[in-house]
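Single-letter residue listing:
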Amino acid sequence: MLLFLATMNVQALKVGDIFEKNKMAYVVTSITNSTVAFVEYYGNDVNTLTIPQTIQGKVQDYITMEEMEIGRFTVTSIGASGRNYNFGNVKHLIMANTIESIYWNDNSEIYFGNLEEITMSKNLKKIPFGPFQGGDNLKTITFPSDSKLESIDKEAFWGCTALQNVHLPNSLKTIGDYAFRDCTALQKIEIPKSVISIGKWAFWGCNALEYVSYGNGSELTSIGESAFSDCISLKGINTSLTRAELDKSSLPDGITTLEELVFYGCSLHSMVLPTNLKEIKMGAFYGCQLSKIDIPNGVTRIENSAFGNNSKLKTIWLPSSLEYIDCAFGSCPNIENIYSFKEEPPIINEFTFDKIVFSNAKLLVHDVSKYKEAPCWEYFQNIKDMDAGYTYISR
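Helix and strand counts for the protein chain come out as 2 helices and 30 strands. Here the protein chain, with 395 residues, has 52% of them falling under the buried criterion. Just so you have it, the protein chain exposes about 17,100 Å², and 45% of that area is on carbon and sulfur atoms.

Right, dumping it as structure tokens:
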């Protein structure tokens, strides 16, 4: 039981005590630093809820509802261990800029109600695993221009099926696994140039996503497995979000590996691959609509189905660095021209290309005799010397 005086001083409270003011509940997180966490709003009378920076003066004990007076406490977080968040019928949540963290664990639950928009605190450095997962009315997430956010952790916005507007801050470094998975209303996303990694399955199933921009001077070095898998509307990835750039897709040069299924099932028409690329893994561009592909020098391996099921693919350039191609171009029956710049033919197998391609495509190389004698390359019926006057299709 709290001791009630004319003025309740800070020392009368202890960590874990809960009080409320203006239908908003707070839990004490530190007596030394005079901090509290917002944990609940139980009113039904406002559309916009602003979490205040500080609480002081008259409040009510959350359990007994007895009135007391407290010193000044700063609201530095949302949520506490074992506490559920409740936003009632609020549509727009505005976080105080004093908020530095959101607490979340398996014992916590959020009731979103009708929450449609969140304005984040500029001092929030991380959005942890899962706090907004499944918020199916959430449409807009706003970060201040001076945001300090560095990390969006795994599953943070998974299943926010109404989410349409997200402008990520320039401070952001990492986007975690499944972070925006199944955000089926999201049409475009701009990845700030500060981002260094996008986790696996991060945008999987965002089937309305059409454009991805990564900004000039991007520091991106890693895009995880299936990050954009089944983004069936995705047509453009580049430094612009305009329709005019749809056929000029490219990836930042810092990426060295294209992971499994990373763009599986997308609608990409073109792609300029990173100059520092070394490996293209299984199914990376499976089911896309690429008309040509230029593998940069430095790539040594192209794995199974990497470019499979690209029915519009007509021209391929293979670099002198290439050592091995698995069944990478299966179900690409319309390939017309293959340029291979490696003197010694890279290893392939009988399923690297379709039988119709072995029969109909023109294979242009520097040393015809070596390719005619190499295992499986010998299946090509039309091997020509690219230096002997045959028309070279420009990259």
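Within the secondary structure, A162 is located in the loop between β14 (151-152) and β15 (165-167). For A162 and A185, which are 23 residues apart along the polypeptide, the C-alpha to C-alpha distance reads 5.3 Å.

The next subject is the nonpolar core. If you look at the biggest cluster of nonpolar residues, it comprises 109 residues, and the most contacted ones within it are F228 and F263. Counting only elements with at least two residues in this core, the list comes to β2 (24-30), β3 (35-41), β5 (54-61), β6 (67-78), β26 (315-318), α1 (355-360), β29 (362-365) and α2 (368-373). The element best represented in this core is β6, accounting for 5 residues. When sequence neighbours within four positions are dropped, the list of residues in contact with F263 reads F228, L234, I237, L251, L258, L268, A284, F285, Y286 and C288. Counting 6 residues, the second largest nonpolar core, distinct from the first, contains I18, A25, A37 and A80.

In the structure shown here, the tally under the stated rule is 8 salt bridges. Between D182 and R181 there is a salt bridge whose closest N-O contact spans 3.6 Å.

Pairing is parallel in the open sheet, where 5 strands are placed in the order β12-β14-β16-β18-β20. Either end of the sheet is taken by a strand with one partner, and the two such strands are β12 (126-127) and β20 (222-223). Where β12 lies against β14, 2 bridges are found, and the strand directions are parallel. Residue pairing for β14: K126 is matched across the bridge by S151.

Right, let's get into the side chain of T76. Structurally, T76 is set in strand β6. Apart from the residues lying within four places of it in its own chain, the contact partners of T76 are T29, T35, V36, T98, I99, E100 and S101.

The next subject is unusual backbone geometry. Despite not being glycine, S226 has its phi angle at roughly 60 degrees, a positive value. By secondary structure assignment, the location of S226 is in the loop between β20 and β21 (236-238). On the basis of relative accessibility, which here comes to 0%, the residue S226 falls in the buried class.

Inspection of every chain in the model, using the stated rule, returns 1 cavity of 30 Å³ or more. For the largest cavity, the full set of lining residues is I191, I198, V212, Y214, L220, I223, F228, I237, L251 and P252. Per-class residue counts for the lining of the largest cavity are 10 nonpolar, no polar and no charged.

Below, the discussion takes up the pairing of β6. Bridge count for β3 against β6 is 4 bridges, and the pairing is parallel. Across the sheet, F38 pairs through a bridge with I78, a residue of β6. Examined bridge by bridge, β5 and β6 share 6 bridges and lie antiparallel to one another. Considered in β6, the bridge of K58 is made with E69.

Below, the discussion takes up the environment of D367. Take D367: it is sitting in the loop between β29 and α2. Expressed as a C-alpha distance, the spacing of D367 and M386, which sit 19 residues apart in the sequence, is 8.9 Å.

Most of β3 sits out of view: 7 of its 7 residues are buried. Across 6 bridges, β2 lies against β3 in antiparallel orientation. Bridged to M24 within β3 is Y41. The hairpin formed by β2 and β3 contains 4 residues between the paired strands, and S34 there has a positive phi angle of roughly 55 degrees.

To continue, consider the confidence of the model for the protein chain. Of the residues in the protein chain, 90% reach a pLDDT of 70 or more, and the chain-wide mean stands at 90. Long-range and interchain partners of residues 1-11, a stretch whose pLDDT sits below 50, account for 22 contacts in this model, where long-range means more than four residues apart.

We now examine the packing of aromatic side chains. Counted according to the given criterion, the structure contains 24 aromatic pairs. Ring centres of Y264 and Y286 lie 5.4 Å apart, and the angle between their planes is 10 degrees; on these two criteria the pair is classed as stacked. Residue Y264 is located in the loop between β22 (257-258) and β23 (279-280), and its partner Y286 is located in the loop between β23 and β24 (292-294); the two are separated by 22 residues in the primary sequence. The exposure class assigned to Y264 is partly exposed, which follows from its relative accessible area of 30%. Taking 5.1 Å as the distance between ring centres and 80 degrees as the angle between the ring planes, the aromatic pair formed by Y371 and W377 counts as edge-to-face. We note that Y371, like W377, is buried. The aromatic ring of F129 is capped on one face by K154, whose charged end is 5.4 Å from the ring centroid. Seen from the ring of W204, R181 lies directly overhead, with NZ or CZ sitting 4.2 Å from the centre.

Analysis parameters
Residues numbered from 1 in each chain as written. Predicted model: local features only at pLDDT ≥ 70, side-chain atom pairs only at ≥ 80, totals over all residues. Heavy atoms only, no water. Helix = DSSP H or I, 4+ residues; strand = E, 2+ residues; numbered from the N terminus. Buried < 20%, exposed > 50% of the residue type's maximum accessible area, 1.4 Å probe, protein only. Areas by Shrake-Rupley, 256 points an atom, 1.4 Å probe, with all protein chains shown as cover. Core = buried A, V, L, I, M, F, W, Y, C linked by side-chain atoms within 4.5 Å. Contact = heavy atoms within 4.5 Å. Salt bridge = Lys/Arg side-chain N within 4 Å of Asp/Glu carboxyl O. Pairing = 2+ DSSP bridges. 1 Å grid on protein atoms, 1.4 Å probe; cavity = no way out; pocket = protein on both sides within 12 Å on 5 of 7 lines; lining within 4 Å. Points joined across faces, edges and corners; volume = space filled by probe spheres on them. Nonpolar A, V, L, I, M, F, W, Y, C, P; charged D, E, K, R; others polar. pLDDT = per-residue confidence, 0-100. Phe/Tyr/Trp six-rings, centres within 6.5 Å; stacked < 30°, edge-to-face > 60°. Lys NZ or Arg CZ within 6 Å of the ring centre and 35° of its normal.

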